[in-house]
Amino acid sequence: MAASLLRPYPHGLPRADPNPASHQPTRLKWSLGRRRRRRHILLCVFSSTATFQRELLVPPGPRTAQNPGPANSRNLLDRMPGRSVATVPGAANLLDERPRTRRKGAEEQNRSGAPKSGEKSRSATVVALAHAGRHAEVVEHFRRMRMEGVPVSRFVLPSVFRACVGLRDSRMLRGVHALVIKCSLCQHVVVGTALADAYVDFAFLDDARKVFDEIREPNAVSWSVIIGGYARSSRWAEAWAAFSAMQLSGVLPNVSVLVMAIQASGALGCQVRGKQMHAMAVVLGFGMNATVWNCLIDMYGKCGTMESCRRVFDTMISRDQVSWNTIISSYIRLGLCEEALDMIVQMQESGFTIDRFTLGSGVAACAHLGDIDKGCAFHGYLIRRALDTDVIRGTALVDMYGKCGNMELARLVFDRMDERNYVSWDALLSGYVENGLVDSALDTFRQMESTDIKPNQHTFANLLRICGDRRYKEYGRQIHGHAIRVINQMNVVLETELIDMYAKCGCIEVAQLLFIRMNERNLISWNTLLSGYVVDRQPVATINVYRQMELACIRPDRYTLAGLLNLCRFQGLLRYGKQIHARLIKTGSEMNVVLQTLLVHMYFKCGRWRDAHNVCTLIRERNSHVYEAFFKVYGDYLI
């Protein structure tokens, strides 16, 4: 190779003849020598170019005394005279941009003498290691490739991202992300989608969104990654916003994206969007997909429209176990527990077996109904299949017996459980609280702490419910102090329970101070403080709280108005009572039986017999409280 570069021209060129008579043959000889010279120059240039390309593709190894230079230089010089321009490696790439296939003989010759670049094989090795789950080896192999100067391939990077996720190394992922930015591969759809998916696995949704925004033309998989990240973190509003942006970009959703959009509609309680997704599922041809149809059933159930939920279930072509469990849980969510139990019977008649989800729904329905007989039937079913000691089914049984008022059986099931978690202890504690067993609830709380289970805000809120009496005011203060030591930042639920406890114990000033210190207030917080002032017989303070509530743009509900009517009833405030009555008529809440009963009490207390009689004629639903108000309080005046 060196000799050809130092001496590119041949030695024996023909000389011109001084005799003019032989001028023409001399020109012919000169032309022939010129063609040979041109061919020789091209051979040398092309062979040098091929050798230079191989040196760039293959990193140079350590040279020794036995291997001072390229191992193939002598072979190239030996084979150079027998080659033509068309057969020189690299000549076709220099002269023509169209790819050319090698002949079989050239491949065998390269396999025998010339070294391979190794990039494709090493990239394939990284991909294979990633598919095998050998993440540490993927990272080590990628580092070795970078140290040897191998260019970054967009086909290798997704495997490296997956390895960073498998090793749970977010720092390494950010380092590879920096390399992607340096190589200007952020806009590539495969690399960008894989990187966004890795950030989603680490729950870095903001970083995932920034990576997604860099992709030049995101496809359905890219949108699925970012929408799925929001759905996994229950950020349903952002998931729906991303889905809307996907529709505006003109990308059609696949099954997974459509399922997440339906779930977002159900979580947000937006039936209009859910109906749009239902229509889109039909238009896109997903009518035979059971997953989409099951999500539609769940969506309509969360939106509170059981008719649409049942209609979708009845029109399903192929129902599976999930379809039955979804419709049963929707019935229970809407409080239709009798219908849920009937659906369990129809499910068995259709040939489906009861699984753990069906049993959990059945036990929950019995708990809502307070039907201990049917609950015992489910309990016996669990015992026959040795499932009563499972933590999930056992917790459901404890909750059911607690709501049915049988705490002995609840404690028996709790003691038989193989494993107890926080939910199990909370179910037992809630049972004691609902049945008013203060001492047992406190003992359960002490046992819970002795088992190294840390109480949370829901636990303290449960305990405060049993302290809403002047007799247990000291217990409530102790629980308050313990909650301050354990919990860093109380939520609005726990703070509202504290306000309610202090108000019922006669410490309305403490309740007001806690209300002022709240970082967040909702309608229940305002109603709790207002009810405290009503019970404490402070009409001026109650009216002030109601006015501040209106200034804070908090719309009162029927509980707020019921508290104000109770105040007017006890204090005989006819003026405020009429204003509340006018508000009921204006908002269309005058037909509520509870508010109508309180209006009757208020007008009777104020001596307005005719107004009380007019309200009585409007009452359509007459229960025991209405009849008690009629005959016990008013006697013959309203008959």
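Quick caveat: nothing in here was measured; it's all calculated off a predicted structure. Throughout this description, residue numbers start from 1 for each chain and increase along the sequence as written. Where totals are concerned, whole chains, interfaces and linings use all residues; where local detail is concerned, this predicted model gives features only for residues with pLDDT of at least 70, and gives and counts side-chain atom pairs only at 80 or more. As a rule here, side-chain values cover all heavy atoms of the structure and leave hydrogens and water aside.

**A look at the overall build of the protein chain**
And step 1. Helix and strand definitions follow DSSP, with helices as H or I runs of at least four residues and strands as E runs of at least two, each counted in order from the N terminus. The number of helices and strands found in the protein chain is 36 helices and zero strands.
And step 2. Buried residues are those whose accessible area, probed at 1.4 Å on protein chains only, stays under 20% of the maximum for their type, while exposed residues exceed 50% and partly exposed ones sit between those limits. Expressed as a percentage of the 639 residues in the protein chain, the buried residues total 41%.
And step 3. Whether two residues are in contact is decided by their heavy atoms: any pair within 4.5 Å suffices. Partitioning the intrachain contacts of the protein chain with sequence separation of at least 6 by distance along the chain shows that 59% fall at a separation of at least 24.
And step 4. With residues, only the protein chains shown are counted as cover, and all accessible areas are computed by Shrake-Rupley using a 1.4 Å probe. Here the protein chain displays about 36,200 Å² of accessible surface, and carbon together with sulfur accounts for 53% of that area.

**Brief notes about helix α9 (residues 170-182)**
And step 1. Here α9 contains 13 residues, and its C-alpha end-to-end distance of 19 Å stays within 8% of the 18 Å for a straight helix at 1.5 Å per residue.
And step 2. Among the residues of α9, those classed as buried are Met 172, Leu 173, Val 176, His 177, Leu 179 and Val 180. Across the axial projection of α9, the buried residues extend over an arc of 160°, all falling on one side. Of the exposed residues in α9, those oriented more than 90 degrees away from the buried face are Arg 171 and Lys 182.
And step 3. For α9, the elements touching its buried residues are α7 (135-147), α8 (157-167), α10 (189-201) and α11 (205-214).
And step 4. Sitting at the head of α9, Asp 169 places a side-chain oxygen 3.3 Å from the backbone nitrogen of Arg 171. Between the first and last residue of a helix there are one fewer steps than residues, each counted as 1.5 Å, and that sum is the expected span. To obtain the arc, one takes the directions from the helix axis to the C-beta atoms. Here a polar contact is recorded for every N or O atom pair within 3.5 Å, except that within protein the pair must consist of a potential hydrogen donor and a potential acceptor, and residues adjacent in sequence are included only if both atoms are side-chain atoms.

**Here's the deal with the packing of helix α30 (residues 523-535) against helix α32 (residues 558-571)**
And step 1. Orientation of α30 relative to α32, taken along the N-to-C sense of each, is 10°, at an axis distance of 10 Å. Between α30 and α32, the angle is such that the two are roughly parallel. Packed against α30, whose contacting residues are Leu 523, Asn 527, Leu 530 and Val 534, the element α32 presents Tyr 559, Thr 560, Gly 563, Leu 564, Asn 566 and Leu 567 at the interface.
And step 2. Here the nonpolar group is Ala, Val, Leu, Ile, Met, Phe, Trp, Tyr, Cys and Pro; Asp, Glu, Lys and Arg are the charged ones; every other residue, Gly included, is treated as polar. Classifying every residue of the contact of α30 with α32 gives six nonpolar, four polar and no charged. Think of each axis as a best-fit line through the C-alpha atoms, taken over the contacting stretch in the case of a helix, with angles from 0 to 180 degrees between the N-to-C directions. Orientation labels follow simple angle bins: below 35 degrees gives roughly parallel, above 145 gives roughly antiparallel, 65 to 115 gives roughly perpendicular, and whatever is left gives oblique.

**Re α7**
And step 1. Along its 13 residues, α7 runs 19 Å from first to last C-alpha, staying within 8% of the 18 Å computed at 1.5 Å per residue.
And step 2. Within α7, burial applies to His 135, Val 138, Val 139, His 141, Phe 142 and Met 145. The buried residues of α7 all sit within an arc of 165° when viewed along its axis, so they share a single face.
And step 3. Gly 149 sits one or two positions beyond α7 and adopts a positive phi of about 85°.

**As for the packing of aromatic side chains**
And step 1. Here a pair means two rings of Phe, Tyr or Trp (six-membered ring of Trp) with centres within 6.5 Å. Their orientation is stacked below 30 degrees between planes, edge-to-face above 60, and tilted elsewhere. Scanning the entire structure with this criterion turns up 10 aromatic pairs.
And step 2. Ring geometry for Trp 240 against Phe 243: centres 5.5 Å apart, planes inclined by 40°, an arrangement best described as tilted. Separated by three residues within a single helix, Trp 240 and Phe 243 lie in helix α13 (residues 236-249), roughly one turn from each other.
And step 3. Its relative accessible area of 10% is what places Trp 240 among the buried residues.
And step 4. For Phe 243, a relative accessible area of 1% gives the class buried.
And step 5. Members of the aromatic cluster, joined through ring pairs, are Tyr 199, Phe 202 and Phe 204.
And step 6. The cationic tip of Arg 575 hangs over the ring face of Tyr 576; the distance from NZ or CZ to the ring centre is 5.8 Å. Only lysine NZ and arginine CZ atoms are considered, and such an atom sits over a ring when it is within 6 Å of the ring centre and within 35 degrees of the ring normal.

**A look at the UniProt feature "repeat: PPR" (unreviewed entry) in the protein chain**
And step 1. As annotated by UniProt and renumbered to match this structure, "repeat: PPR" (unreviewed entry) occupies residues 219-253, 289-319, 320-354, 421-455 and 522-556.
And step 2. Helix makes up 77% of residues 219-253 and strand 0%. Its end C-alpha atoms lie 9 Å apart. UniProt positions are given in the numbering used here, feature names are shortened, and annotations may be inferred rather than shown by experiment.

**So, the pattern of salt bridges**
And step 1. Salt bridge, as applied in this entry: a Lys or Arg side-chain nitrogen positioned within 4 Å of an Asp or Glu carboxyl oxygen. With the rule as written, the count across this model stands at 16 salt bridges.
And step 2. One salt bridge in this structure joins Arg 209 and Asp 213, with 3.2 Å as the shortest N-O distance. Of this pair, Arg 209 and Asp 213 both sit in helix α11, four residues apart, which is roughly one turn of the helix.
And step 3. Given the relative accessible area of 29%, Arg 209 is considered partly exposed.

**Looking at the side chain of Ser 222**
And step 1. Take Ser 222: it is sitting in helix α12 (residues 220-232).
And step 2. Relative accessible area serves as the criterion here: at 2%, Ser 222 is assigned to the buried category.
And step 3. In this structure the side chain of Ser 222 is engaged in a polar contact, spanning 2.6 Å, whose partner is the side chain of Thr 193.
And step 4. Other than its neighbours up to four places away in sequence, Ser 222 contacts Val 189, Thr 193, Phe 212 and Ile 215.

**Thoughts on the packing of helix α20 (residues 356-369) against helix α21 (residues 372-384)**
And step 1. One way to put it is that α20 packs onto α21 with a least axis distance of 8 Å and a crossing angle of 155°. The angle between the axes of α20 and α21 places the two elements in the roughly antiparallel class. Handedness of the α20/α21 crossing: left-handed. Of α21, the residues touching α20 (which contributes Leu 359, Gly 362, Val 363 and Cys 366) are Lys 374, Gly 375, Phe 378, Tyr 381 and Leu 382.
And step 2. Of the residues assigned to the contact of α20 with α21, the class counts are six nonpolar, two polar and one charged. Left-handed describes a crossing whose near helix is turned anticlockwise from the far helix by less than a right angle; the clockwise case is right-handed.

**Considerations on unusual backbone geometry**
And step 1. Not every positive phi belongs to a glycine, and Ser 234 is a case in point at roughly 60°.
And step 2. With respect to the helices, strands and loops of the structure, Ser 234 is situated in the loop between α12 and α13.
And step 3. Positive phi, close to 60°, is recorded for Cys 553, a residue that is not glycine.
And step 4. With respect to the helices and strands, the residue Cys 553 is situated in the loop between α31 (539-551) and α32.

**Some thoughts on the environment of Arg 319**
And step 1. Considering the arrangement of structural elements, one finds Arg 319 in the loop between α17 (306-314) and α18 (321-333).
And step 2. Owing to a relative accessible area of 32%, Arg 319 belongs among the partly exposed residues under this scheme.
And step 3. As a C-alpha pair, Arg 319 and Ala 290 span 29 residues in sequence and 7.0 Å in three-dimensional space.
And step 4. Those residues in contact with Arg 319 that lie beyond four places of it in its chain are Phe 313, Asp 314, Trp 324 and Phe 352.
And step 5. Looking at Arg 319, its side chain comes within polar contact range of the main-chain oxygen of Asp 314, at 3.5 Å.

**Observations concerning the side chain of His 141**
And step 1. Along the chain, His 141 turns up in helix α7.
And step 2. The class of His 141 is buried, set by a relative accessible area of 15%.
And step 3. Contacts of His 141, omitting those with residues within four sequence positions, involve Arg 122, Thr 125 and Val 126.

**What about the nonpolar core?**
And step 1. Note on terminology: a nonpolar core comprises buried Ala, Val, Leu, Ile, Met, Phe, Trp, Tyr and Cys residues joined through side-chain atoms within 4.5 Å. With 169 residues, the main nonpolar core has Phe 161, Ile 227, Val 292 and Ile 327 as its most contacted residues.
And step 2. If near-sequence neighbours (up to four positions away) are discounted, Ile 327 is found in contact with Ile 297, Met 306, Cys 309, Arg 310, Phe 313 and Met 343.

**Quick notes on the environment of Trp 324**
And step 1. For Trp 324, the location among the structural elements is in helix α18.
And step 2. A C-alpha to C-alpha distance of 7.8 Å links Trp 324 and Met 343, two positions 19 residues apart in sequence.
And step 3. Dropping the residues within four chain positions of it, Trp 324 is found in contact with Phe 313, Arg 319, Met 343, Gln 346, Met 347, Ser 350 and Phe 352.

**Digging into the confidence of the model for the protein chain**
And step 1. On a range of 0 to 100, pLDDT expresses the predictor's confidence in each residue. Across the protein chain, pLDDT averages 79, with 78% of residues at or above 70.
And step 2. Across residues 1-32, where pLDDT falls below 50, the model places 16 contacts with residues more than four positions away in sequence or in other chains.
And step 3. Contacts of residues 51-117 to residues separated by more than four positions or lying in other chains number 45 contacts, the stretch itself having pLDDT below 50.

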